[in-house]
Amino acid sequence: MNRRNFLQAALGLAAPLALTRTFAAGSTGSHAMHNMDMGHNTQAMGSMMHDASPGVYPPAGTPLQMPLRLSNDSRIKAQFSARINIQPATINLLPGTTTDIWAYNGILAGPTIEVTEGDSVRINVRNSLAEATTIHWHGLHVPPDQDGNPWDAIPPGASRDYRFTIPENSAGTYWYHPHPHGRTAEQVAMGLAGAFIVHPKQDPIPAQIEEKLLFIEDIRVNDNGAITAHNMMDWMDGREGNIVLVNGQYQPVIAIAPGEKQRWRVVNACSARYLQLSLPGHALVQIASDAGLLNKPQTRTAYLLAPGERAEFIVTGLAHGTDTRLLSLPYKRGKMMGTEQSQPVLLASLKYTAKAVKNTPAIPATLRAVTLLGDPAIRRQVIFSEKMEHGAGGMKMLFLINGKRFDMNRVDFTGKIGAIEEWEIINNSDMDHPFHLHGTSFQVVNTDHPLHGAWKDVVNTRPGEKVLIRFRQMLAGKRLYHCHILEHEQLGMMGILDIQA
Ligand code: C2O
Ligand code: CU
Ligand code: CU
């Protein structure tokens, strides 16, 4: 029995806090997809508490669970050793149907890998799919030949070890997903993704503050519960699912005591869905971005998390009797074919428990010293563009970097170990594109950027926007950079940076 089935069995008798019939109108057409936008749910919120009608799976309103942790087989200190089987699995998403997915160890959302800075990591991966795949350790500073690049595929039925050491000062919230040549978008759409948390040896955030992971994925199924193939709109706009899951659960409930502080690690593992996070009534106190703590906590009213991005927040419980929802507010990202999100999407609800918490530990005013990288030795431009191509097979849209489509056998840039590079990412298109670089973390140089100076590996670019980043690569070999809307990456919005000793 997998975790989903187990959860359903365990919770089947408990009256779910909130149930909706959102899926009843489901079909694969774009109009129906729109009906399935969670706007309905927010309107229905008031009455949902009384609506005990069963029938929607996964049931909304179950307590948020943490994804299973990947267990460490090693007894040696500072050594993490584990096994991952990349395998087909079956879960229940819609009533009366089953959904065939692909999942790491059969678990949707996870398993979560948790290690500490300095650990040596060995993960034995078996590919039980009928096609080649890789695991890419998104954001981690691992050697190129351990980073799951498309030219290092694990053939079907084969296995391999990934080995790397977690560098000092790299604590943060990362994740892992497939990166095979030409099949990344489909494999992620089938359910392959998990969180990878790196803890520091000494955490400035007090240990009494409970940590919660919110690993957000969206999945698209038809009325029969089957994951549908990519359509034209998916390729153009990037694929958005019709079910948004947090830790594999649908609209779970997060319990928090009045006055209690919690540390939330939020991962946007969606292929193309932007999350404009909002927690009405609360400040979102951001303490970390993709690659660890900010210099100082920053209070946000809403926070845009682009595909691939992560953020950590401190959330403080409000008075018992009130209730709040974690929403993704409408955000227009310049879609070519699909309709823009017009209604808030309900991600999770907060439930304030009866017992208030006294003496909540304070968050330090300075979280860590962040100094900007100095003057660059190398400057480059990376220009995102889209182009319509008329060919024999009709029209197709090209997604380009510096006018070129990705070619696995071409090196686009050559760099040097340790040299500071400054890249100007220019979005010369009509759509948002989140830029991502492998192998290191970068800093946004633009002083007016909300994440100026923060250590990151994904940064969104709006149409017409220019974002300046600085970074250093400390290991030799080829690194990818690409748009993290996975369909765009796959259609060619990707390049290779070759770092030489
Ligand atoms: Cu998360 Cu190259 O990707
Ligand atoms: Cu990556
Ligand atoms: Cu893109």
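Being a predicted model, the structure only gives us computed values, none of them experimental.

Draft legend 1. Spotlight on unusual backbone geometry. The amide bond that connects Gly-110 to the next residue, Pro-111, takes the cis arrangement and shows omega of -5°. Examined against the element boundaries, Pro-111 turns out to sit in the loop between strand E2 (99–104) and strand E3 (113–116). Phi is positive for Ala-78, which is not a glycine, with a value near 60°. On the secondary structure map, Ala-78 appears in the loop between helix H3 (39–48) and strand E1 (79–91).

Draft legend 2. Up close: the coordination of the copper ion (ligand 2). Donor atoms from the polypeptide that bind the copper ion (ligand 2) are His-136 (NE2) and His-436 (NE2), placed at 1.9 Å. Linking His-136 in strand E5 (residues 136–138) with His-436 in strand E25 (residues 433–437), this pair joins segments that are 300 residues apart in sequence. Residue His-136 is classed as buried on the basis of its relative accessible area, which comes to 0%.

Draft legend 3. A look at the coordination of the copper ion (ligand 3). In the first shell of the copper ion (ligand 3), the protein supplies His-433 (ND1), Cys-483 (SG) and His-488 (ND1), at 2.0 to 2.1 Å from the metal. Read in sequence order, the donor residues coordinating the copper ion (ligand 3) give the pattern H-x49-C-x4-H. Placement of the pair is His-433 in strand E25 and Cys-483 in strand E30 (residues 477–483), with a sequence separation of 50 residues. In this structure Cys-483 comes out as buried when scored by relative accessible area, which is 0%.

Draft legend 4. Inspection of the packing of aromatic side chains at higher detail. Within this structure, the stated rule accounts for 17 aromatic pairs. Between Trp-137 and Phe-164, the ring centres sit 5.5 Å apart and the planes meet at 55°, which makes this aromatic pair tilted. With Trp-137 in strand E5 and Phe-164 in strand E6 (residues 159–165), this residue pair connects regions lying 27 residues apart in the sequence. Take Trp-137 and Phe-164: they sit in the same class, and that class is buried. With centroids separated by 5.6 Å and ring planes inclined at 35°, the aromatic side chains of Trp-137 and Tyr-176 adopt a geometry described as tilted. A residue pair is termed long-range when its members are at least 10 positions apart, and Trp-137 in strand E5 and Tyr-176 in strand E7 (residues 172–177) qualify at 39 residues. Exposure class is identical for Trp-137 and Tyr-176. Each is buried. The lysine or arginine in question, Arg-160, covers the ring of Tyr-162, its NZ or CZ lying 4.1 Å from the ring centre.

The rules we used
- Residues numbered from 1 in each chain as written.
- Chains lettered and ligands numbered in written order.
- Predicted model: local features only at pLDDT ≥ 70, side-chain atom pairs only at ≥ 80, totals over all residues.
- Heavy atoms only, no water.
- Helix = DSSP H or I, 4+ residues; strand = E, 2+ residues; numbered from the N terminus.
- Donors = N, O, S within 2.8 Å, 3.2 Å for Na, K, Ca; no water.
- Buried < 20%, exposed > 50% of the residue type's maximum accessible area, 1.4 Å probe, protein only.
- Phe/Tyr/Trp six-rings, centres within 6.5 Å; stacked < 30°, edge-to-face > 60°.
- Lys NZ or Arg CZ within 6 Å of the ring centre and 35° of its normal.

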